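Each chain is listed here by its residues.
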2 protein chains.
Amino acid sequence: MNEFMQKVNLAEKFSLFQEYWNPKIVGELNDSYVKLAKFKGEFFWHQHEAEDKLFFVVKGKLLIKLRDREIWLREGEFMIIPRGIEHLPIAEEEAHVLLLEPKSTVNTGNVQNERTLTRLERI
Amino acid sequence: MNEFMQKVNLAEKFSLFQEYWNPKIVGELNDSYVKLAKFKGEFFWHQHEAEDKLFFVVKGKLLIKLRDREIWLREGEFMIIPRGIEHLPIAEEEAHVLLLEPKSTVNTGNVQNERTLTRLERI
């Protein structure tokens, strides 16, 4: 039996961790992972060369800066950032975000720095 | 510019249609579509041979029957049905559901009948 073949309650999963900008894997399907992350503060400009990525706001709000505009995402809203598009996520207050992206996606995209995560926890 | 490169508000999109068991495409990323559907009543047993599928309940509740058990999904809960697993979705009352599945996925899986949709609307 697939370990993920059980339901996932988002609120319950979000209660299991507190650190920011550290996505946790909560599901996998086809070639993608479903991840949950808490964001607070500003990330940095980056892009994913080969992967489209979905941000869905579960709680709070998230500002996605693109080079040509800014989009506020609120609870119940999602946005897909196509591959190759530079973006900068900012959360003034803590935001709870569901991410969907290919398994190959690295959190910091084309940038490698101290915030790059090489292994994500499953919760 | 990608037509989907704008935010999607789930409640707003759900207000645009009323028919049941007729998923609407609201986003695409990588090889998958994000779809919204309203369910009411009982679908029928089917499986998807090559595609894993995610059901996320946005409003109401959804019963997923598997051959060996039943899972109730409530608001804020999702479940992934792996390829090849027979399932039967049932919504006693109207339920609003977000689906994520490969573009190749047909709504009725291995079954072809009057409820099979060959073309999905984008909203």
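Source: prediction; values computed, not measured. (Residues numbered from 1 in each chain as written. Chains lettered and ligands numbered in written order. Predicted model: local features only at pLDDT ≥ 70, side-chain atom pairs only at ≥ 80, totals over all residues. Heavy atoms only, no water.)

## Concerning the interface of chain A and chain B
Here is the rule we go by: Contacts between residues were defined by any pair of non-hydrogen atoms, one from each residue, lying within 4.5 Å. By definition, the buried area sums, over both parts, the 1.4 Å-probe accessible area that each loses when the two are put together. Any Lys or Arg side-chain nitrogen found within 4 Å of a carboxyl oxygen on Asp or Glu counts as a salt bridge. Residues adjacent in sequence count toward polar contacts only when both atoms are side-chain atoms; beyond that, a polar contact is any pair of N or O atoms within 3.5 Å, and within protein one must be able to donate a hydrogen and the other to accept it. Secondary structure elements are defined from DSSP: runs of H or I of at least 4 residues count as helices, runs of E of at least 2 residues count as strands, and each element is numbered from the N terminus. Ten residues, namely Ala, Val, Leu, Ile, Met, Phe, Trp, Tyr, Cys and Pro, are considered nonpolar, four, namely Asp, Glu, Lys and Arg, are considered charged, and the remaining ones, Gly among them, are considered polar.
Contact with chain A, which involves 37 residues of that partner, is made by 37 residues of chain B. Both faces considered, chain A and chain B share a buried interface measuring about 2,900 Å² in area, 63% of it formed by carbon and sulfur atoms. Counting the surface chain A buries against chain B, the share from its top three residues, Met5, Lys7 and Phe78 of chain A, is 25%. One can count 2 salt bridges joining chain A with chain B. Across the pair Glu77 of chain B and Lys7 of chain A runs a salt bridge, and its minimum N-O distance is 3.0 Å. Where chain A meets chain B, there are 14 residue pairs in polar contact (both at pLDDT 80 or more). Sorting the residues of the side of chain A that touches chain B by element identifies strand E1 (8-9), strand E2 (24-29), strand E4 (53-59), strand E6 (70-74), strand E7 (77-81) and strand E8 (87-102) of chain A as the ones contributing at least two each. Among the residues forming the side of chain A that touches chain B, the class breakdown is 21 nonpolar, 6 polar and 10 charged.

## Quick notes on the pairing of strand E5 (residues 61-66) of chain B
Residues and elements named next belong to chain B. Going by this rule: The pairing criterion for strands is at least two bridges between them, as found by DSSP.
In this sheet, strand E6 (residues 70-74) lies alongside E5 in antiparallel orientation, the contact comprising 5 bridges. Paired with Lys61 across the strands is Arg74, a residue of E6. Between E5 and the antiparallel strand that follows it, E6, lie 3 residues. Note that E5 and strand E8 (residues 87-102) share 4 bridges and pair antiparallel. The partner of Leu63 across the bridge, within E8, is Ile90.

## Some words on the packing of aromatic side chains
Applicable threshold: Only Phe, Tyr and Trp rings take part, Trp by its six-membered ring, and two of them pair if their centres are within 6.5 Å. Stacked means planes under 30 degrees apart, edge-to-face means over 60, and tilted covers everything else. Only protein chains enter the accessibility calculation, which uses a 1.4 Å probe; a residue whose area is less than 20% of its type maximum is buried, one above 50% is exposed, and one in between is partly exposed. Here, a charge over a ring is recorded when the distance from Lys NZ or Arg CZ to the ring centre is within 6 Å and its angle to the ring normal is within 35 degrees.
Under the criterion given, the structure shown has 11 aromatic pairs over all chains. Arranged with centres 4.8 Å apart and planes meeting at 25°, the rings of Trp21 of chain A and Phe43 of chain A form a pair that is stacked. Taken as a pair, Trp21 of chain A in the loop between helix H1 (10-14) and E2 and Phe43 of chain A in the loop between strand E3 (32-42) and E4 lie far apart in primary sequence, 22 residues in all. Taking relative accessible area as the criterion, Phe43 of chain A reaches 9% and is therefore assigned buried. A ring pair is formed by Phe56 of chain A and Phe56 of chain B, whose centres lie 6.0 Å apart and whose planes are at 80°; its orientation type is edge-to-face. Residue Phe56 of chain A is located in strand E4, and its partner Phe56 of chain B is located in strand E4 (residues 53-59); the two belong to separate chains. Of the two residues examined, Phe56 of chain A and Phe56 of chain B, each falls in the buried class. An aromatic cluster is built from Trp21, Phe39, Phe43, Phe44 and Phe55 of chain A, whose rings are joined through pairwise contacts. Sitting over the face of the ring of Phe17 of chain A, Lys38 of chain A holds its NZ or CZ atom 5.3 Å from the ring centroid. Sitting over the face of the ring of Trp72 of chain B, Lys61 of chain B holds its NZ or CZ atom 4.9 Å from the ring centroid.

## Overview of the pattern of salt bridges
Residues and elements named next belong to chain A. Per the stated rule, a full pass over the model turns up 22 salt bridges over all chains. Between Lys24 and Glu121 there is a salt bridge, and its shortest N-O distance comes to 2.9 Å. In this pair, Lys24 is assigned in strand E2 and Glu121 in the segment after E8, connecting sequence segments 97 residues apart. Note on Glu121: relative accessible area 39%, which makes it partly exposed. Here the salt bridges do not stand alone but share partners, grouping Glu19, Lys24 and Glu121 into one network.

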